[in-house]
Amino acid sequence: MYDYLIIGAGIIGLAIAKSLNEKYPDKKIVILEKESDVGYHSSGRNSGVLHAGFYYTANSLKAKFTRDGCLEMTKFCEDNNLSINKCKKVVVANDESELDSLEELYRRGITNGVEVELIDEEKLNKMYPNVKTYKKALFSPNTATINPLEILEFLKQDLIAKGIEFRFDEGYNTNLNNNEILTTKKNKISAKKIINCAGLYADKIARDFGYSKNYTIIPFKGIYLKYTKNDQPITTNIYPVPNLKNPFLGVHYTVTVDNTIKIGPTAIPAFWRENYKGFDNFKLDEFLEVIKYELKLFATNAFGFRNLAIEEMRKYYKPYFVSLATKMVKKIDVEGFNEWSKPGIRAQLLDTNTLELLQDFVVEGDDKTIHVLNAVSPAFTSSFPFARWVVENYIEK
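Being a predicted model, the structure only gives us computed values, none of them experimental.

Calculation notes
- Residues numbered from 1 in each chain as written.
- Predicted model: local features only at pLDDT ≥ 70, side-chain atom pairs only at ≥ 80, totals over all residues.
- Heavy atoms only, no water.
- Pairing = 2+ DSSP bridges.
- Helix = DSSP H or I, 4+ residues; strand = E, 2+ residues; numbered from the N terminus.
- Contact = heavy atoms within 4.5 Å.
- Axes fitted to C-alpha atoms, helices over the stretch in contact; angles between N-to-C directions.
- Buried < 20%, exposed > 50% of the residue type's maximum accessible area, 1.4 Å probe, protein only.
- Salt bridge = Lys/Arg side-chain N within 4 Å of Asp/Glu carboxyl O.
- Right-handed = clockwise from strand over helix to strand, strands pointing away.

**Q** Describe in detail the sheet that holds strand β13 (residues 215-222), supporting the description with residues and values.
**A** Pairing between the strands of a sheet comes from backbone hydrogen bonds, and it takes one of two forms, parallel or antiparallel. Strands sit in the order β18-β13-β20-β21 across an open sheet of four strands; the sheet is antiparallel. Where the open sheet ends on each side, the last strands, each with one partner, are β18 (268-269) and β21 (356-357). The pairing of strand β20 (residues 344-351) with β21 spans two bridges and is classified as antiparallel. Looking at the pairing, L350 lines up with L357 of β21. Its contacts with the sheet put helix α7 (residues 284-300) on β13, β18 and β20, and the angle it makes with β13 is roughly 85 degrees.

So this is what it looks like as structure tokens:
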């Protein structure tokens, strides 16, 4: 019997394994993963941005874990010679109507203990001559970009070296025998504690154990468009002022670890959980479940879903998609945006009673099983402190 069985080899599963191993180096830990390696889904398709932590309200878990996680992940990359680009970030306003929200982000940052600065157009022009804003911009010196797959691979190898077992191509199947035994696609496995970090399928697995009764995952597809010309018109991450009523940050510029420029992402409602391309991974039961809730959200326009869906579908038209980014800079060759990135799916939790998207982390569990139900962006940034919190609050108690 294992002491701990973790379902899912994304960043949250690996970070929880790391935290458990640091506290209990002699405990037997196994990680189940239905794919053949780490990072096949959300974690490996992550934008690579380490967020500083100023978007989130002060009483949220995200506020604390993002602030601390950004600094910790930065140090982790430096200590282990992993790629990091300390390219910083500015949030720019389009017009007068966005200044109040920009200042709200600044207030949140200060309240959260995040290093941020509200700068005027003149200072922005000196720092980044090609970036355009209206009157003010928010500057974040701690925002950086990393290579998610490189970090996931490093963590995997480090955990293996410490005796943690990985079972790839062996996903969760069913729960047996009062939660202590479950079946995979190949075997039966017993464990004293089961920790569900299954991302897009975390809610479905949790329901097998009596949890996630009022939640379901609504998938949103994110795609970036890369700039392939040889010049470097953008040297920092540039974001618009977001709509603070929903968890999406709008089309923005990201400068990757190798200085590639990309714009995006979309936040297009997907029709099944791994709806990356065409009819790949199509499952009728998932389609019917997802479409039921999406139609309900569209009809009621809960949290502005109808407006969001219509706006996001427009982004499939490339000239419109590019235009959302070009208004944040003074000059860039729009012909340079010609390579689409690998799509990612955001596993966004929906409260089925209130029809609200959950913006903070959500964890449920008992002394036998723990279920990480909502670990969406910036979960990669937050992963190390969030994992410790899960261990301290759900596994040790």
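Structure shown, so let's carry the discussion forward.
**Q** Kindly report on the pairing of strand β2 (residues 29-33), identifying the contributing residues and their values.
**A** Across the five residues that make up β2, a large majority, five, are buried. The two faces of β2 match: I29, I31 and E33 on one face and V30 and L32 on the other face are all buried. Looking at chain direction, strand β1 (residues 2-7) and β2 are connected through four bridges and run parallel. Bridge pairing links I7 to L32 in β2. Alignment of β2 against strand β9 (residues 165-168), held across four bridges, turns out to be parallel. Residue pairing in the sheet places L32 in a bridge with R167 of β9.

**Q** Tell me about the sheet that holds strand β8 (residues 144-146), and please be specific about residues and values.
**A** Strands sit in the order β3-β8-β4 across an open sheet of three strands; the sheet is antiparallel. Of all strands in the sheet, those bounded by a partner on one side alone are β3 (49-50) and β4 (84-85).

**Q** Talk me through the pattern of salt bridges; I want residue IDs and the actual numbers.
**A** When charged atoms on two side chains of opposite charge get close, those side chains can pair. Tallying each qualifying case throughout the model produces 31 salt bridges. The residue D68 makes a salt bridge to K64 at a minimum N-O spacing of 3.4 Å. In this pair, D68 and K64 both sit in helix α2 (residues 61-79), four residues apart, roughly one turn of the helix. Assessed through its relative accessible area of 24%, D68 is described here as partly exposed. Salt-bridge contacts for R207 lead to E289; the nearest nitrogen and oxygen are separated by 3.7 Å.

**Q** Give me the pairing of β1: which residues, what numbers.
**A** A large share of β1 lies buried, amounting to six of its six residues. Bridge count for β1 against strand β12 (residues 188-196) is five bridges, and the pairing is parallel. When the sheet's bridge partners are listed, I6 is paired in β12 with I195. For the segment spanning β1, helix α1 (residues 11-23) and β2, crossover handedness is right-handed.

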